[in-house]
Amino acid sequence: MRLETLLTGGLVVLAIAAMAFVAGVPRGRVTGGRLWFATACRLVLAGYLGVAGLLKLPDPAESVRAVRAYRILPEAVVPTVGYVLPLLEVAVAVLLLVGLTTRLAAALTSLLMVAFVIGIASVAARGISIDCGCFGGGGDVAEGATHYTQEIIRDVCLLVLALLLVYRPSSRLALDPTQDTDDLDLDVPDLDDDPTDSATTTGTITTQENPS
Amino acid sequence: MTSGKSSREQRAAKVKAQQAAMRKAEARRRNGIIAGAVLAVLVVVIGVAALVQSGRNSTSDTSATPSNFSGPGSTSVVLGQSSAPVTVTVFEDFQCPICQQFETSVGPTLASLRESGKVKVEYRSIAFLDRMSSTEYSTRALNAAACVRDQAPDAFDKFHTALFANQPPENSAGLPDSKLVELAKGAGAPDVASCITGQTFKDWTVKVTDAASKDGVNGTPTVRVNGTDLVNPSAEQLTAAVDKAAKG
């Protein structure tokens, strides 16, 4: 429990930093710091999703029961969701870990986090006491033994990191070939925009214009 | 002159911009193809793996079912007079500490209600706490209870009590099979050793656990009086609920 609080605290700091990056770094300025920060986001998301998925894989029956305990989905789809969810988490974690199709992986992560937040908020609102089953386990717990607030804060922070990667997927140590084409090209349309560069251009024109 | 030069530069800039746009379009197209391919692989891999997972979770239709169990799917042991007006259903896991507390605090009351003919007790033991031991004790204990009920129906009551009295702590290795055999002997079931060590009814334990989950049981102990849930009841709450159900 103490470790979880510590990890969630770290996540909050990271999420705030992510929002600062989006708000504070001017568009078009691609700094190495931002690329490394995106790498950190990728790895943190991969870590959470990977651990969450791998802990659920050994016991598919438990995973199904954990989904059922939310009392949201109809019984017809509960087993499918129970089987697929851990696999999706692991698959997305692998993509994020190696940095392949980062934007797609981050978008899937965002969808997962939105679903998790809705699920947890829903059981909290209905007064049901369950273990979220986020890292295996699941099912009813005693009243007052829930950690809904912390779980929602954690998932919202992960959502923020994922959205940052949807917005700017380029990062260091990634397989993606997008690094120099995707948002570098989008953000820095041409070198002519550079003030120092245009100054020299104007200079040349001036000297050429003088004789005529 | 000036206009010629500037138009030349404009043309150069235009070409440059066109090239940049083409590069961008090309990169977009390539990214789109990669994303599509990854998505397709993802769907196939997850689909196949999900089938594997559901296969691991399914049990064969020919799996052994213990005799002397009641209800659809042979899920329950019913103790007490069949004419009793009230049915108390108890969902328990032999590894569940709160169930042990329930047995200690409410068990005697439940037994006397049963003996007085007021209630019949429907025990639906399940096994969902295998992660609480290193040896899947939850499943092994439930299998042992099924073995006992199968071969010596009258010994179930005592064995059930003995399992909770000897409940191993959480996150331990659980009781060894030899101890389960010994407890079964003590309860009056002398010939269950091979059934216990061979886990004859393991598939059945998966089925009854799944059935309980589908019946809305998300934790243990879940106690139902004529179908109505009581959340971790005290002896007084249980008695009151039974009296109410007997009148209604």
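Residues numbered from 1 in each chain as written. Chains lettered and ligands numbered in written order. Predicted model: local features only at pLDDT ≥ 70, side-chain atom pairs only at ≥ 80, totals over all residues. Heavy atoms only, no water.

The subject of this paragraph is the overall build of chain A. Of regular secondary structure, chain A possesses eight helices and two strands. The buried share among the 212 residues of chain A stands at 43%. Partitioning the contacts of chain A with sequence separation of at least 6, the portion at a separation of at least 24 is 73%. Surface accessibility of chain A: about 10,100 Å² in total, with carbon and sulfur atoms responsible for 70%. (Helix = DSSP H or I, 4+ residues; strand = E, 2+ residues; numbered from the N terminus. Buried < 20%, exposed > 50% of the residue type's maximum accessible area, 1.4 Å probe, protein only. Contact = heavy atoms within 4.5 Å. Areas by Shrake-Rupley, 256 points an atom, 1.4 Å probe, with all protein chains shown as cover.)

On the side of chain B, 31 residues touch chain A, which itself brings 40 residues to the contact. In total, chain A and chain B occlude about 3,000 Å² of area from one another, counting both sides; carbon and sulfur atoms represent 58% of this. When the buried area of chain A at its contact with chain B is split by residue, A:Arg65, A:Arg68 and A:Tyr83 rank highest and sum to 18% of it. If you look at where chain A meets chain B, you find one salt bridge. Residue A:Glu62 is joined to B:Arg131 by a salt bridge in which the shortest nitrogen-to-oxygen separation is 2.5 Å. Mapped onto the side of chain A that touches chain B, the elements with two or more residues apiece are α3 (60-68), α4 (78-98), α5 (102-125), β2 (139-140), α7 (183-187) and α8 (195-209) of chain A. (Buried area = accessible area lost by both parts, 1.4 Å probe. Salt bridge = Lys/Arg side-chain N within 4 Å of Asp/Glu carboxyl O.)

With that out of the way, let us pick up the pattern of salt bridges. Scanning the entire structure with this criterion turns up 14 salt bridges over all chains. Between B:Asp229 and B:Arg224 there is a salt bridge, and its shortest N-O distance comes to 2.5 Å.

Residue and element names in this part refer to chain B. The mixed open sheet is built from five strands, whose spatial order is β1-β3-β2-β4-β5. Unpaired on one side and paired on the other, β1 (77-79) and β5 (228-231) mark the two borders of the sheet. On average, adjacent strands in this sheet sit at an angle of 25 degrees to one another, irrespective of strand direction. Pairing of strand β2 (residues 86-93) with strand β4 (residues 222-225), which is carried by four bridges, proceeds in the antiparallel orientation. Bridge assignment links Phe91 to a residue of β4, and that residue is Thr222. (Pairing = 2+ DSSP bridges. Axes fitted to C-alpha atoms, helices over the stretch in contact; angles between N-to-C directions.)

Applying the stated criterion across every chain, the model contains three disulfides over all chains. Residue pairing for A:Cys132: its cysteine sulfur links by disulfide to A:Cys134, the two sulfurs lying 1.9 Å apart. Classification of A:Cys134 as buried rests on a relative accessible area of 15%. B:Cys147 shares a disulfide with B:Cys195; S-S distance 2.0 Å. On the sign convention where negative is left-handed, the bridge of B:Cys147 and B:Cys195, at about -80 degrees about the S-S bond, is left-handed. You can see B:Cys147 sitting in helix α4 (residues 137-151) and its partner B:Cys195 sitting in helix α7 (residues 193-197), a full 48 residues away along the chain. (Disulfide = S-S within 2.5 Å.)

Mean pLDDT over chain A works out to 83, with 79% of the residues at or above the 70 mark. Predicted confidence for residues 178-212 of chain A stays below pLDDT 50, and this span has 37 contacts to residues more than four positions away or in other chains. (pLDDT = per-residue confidence, 0-100.)

All right, on to the environment of B:Gln100 then. All names here are of chain B. Inspection of the secondary structure puts Gln100 in helix α2 (residues 97-105). Overall, the relative accessible area of 25% leaves Gln100 in the partly exposed class. Spatially, the C-alpha atom of Gln100 lies 9.3 Å from that of Thr161, the residues being 61 residues apart in sequence. Among the polar contacts made by the side chain of Gln100, one reaches the main-chain carbonyl oxygen of Phe164 at a distance of 2.9 Å. (Polar contact = N/O pair within 3.5 Å; in protein donor to acceptor, adjacent residues only side chain to side chain.)

Okay, unusual backbone geometry next. Residue and element names in this part refer to chain B. Looking along the chain, the bond that leaves Thr220 and enters Pro221 is cis, with omega of -5 degrees. Relative to the elements of secondary structure, Pro221 occurs in the loop between α8 (202-214) and β4. Positive phi, close to 60 degrees, is recorded for Asn171, a residue that is not glycine. With respect to the helices, strands and loops of the structure, Asn171 is situated in the loop between α5 (156-165) and α6 (177-187). Classification of Asn171 by relative accessible area gives exposed; the value is 60%. Phi at Gln199 is positive, roughly 45 degrees, even though this residue is not glycine. Structurally, Gln199 is set in the loop between α7 and α8.

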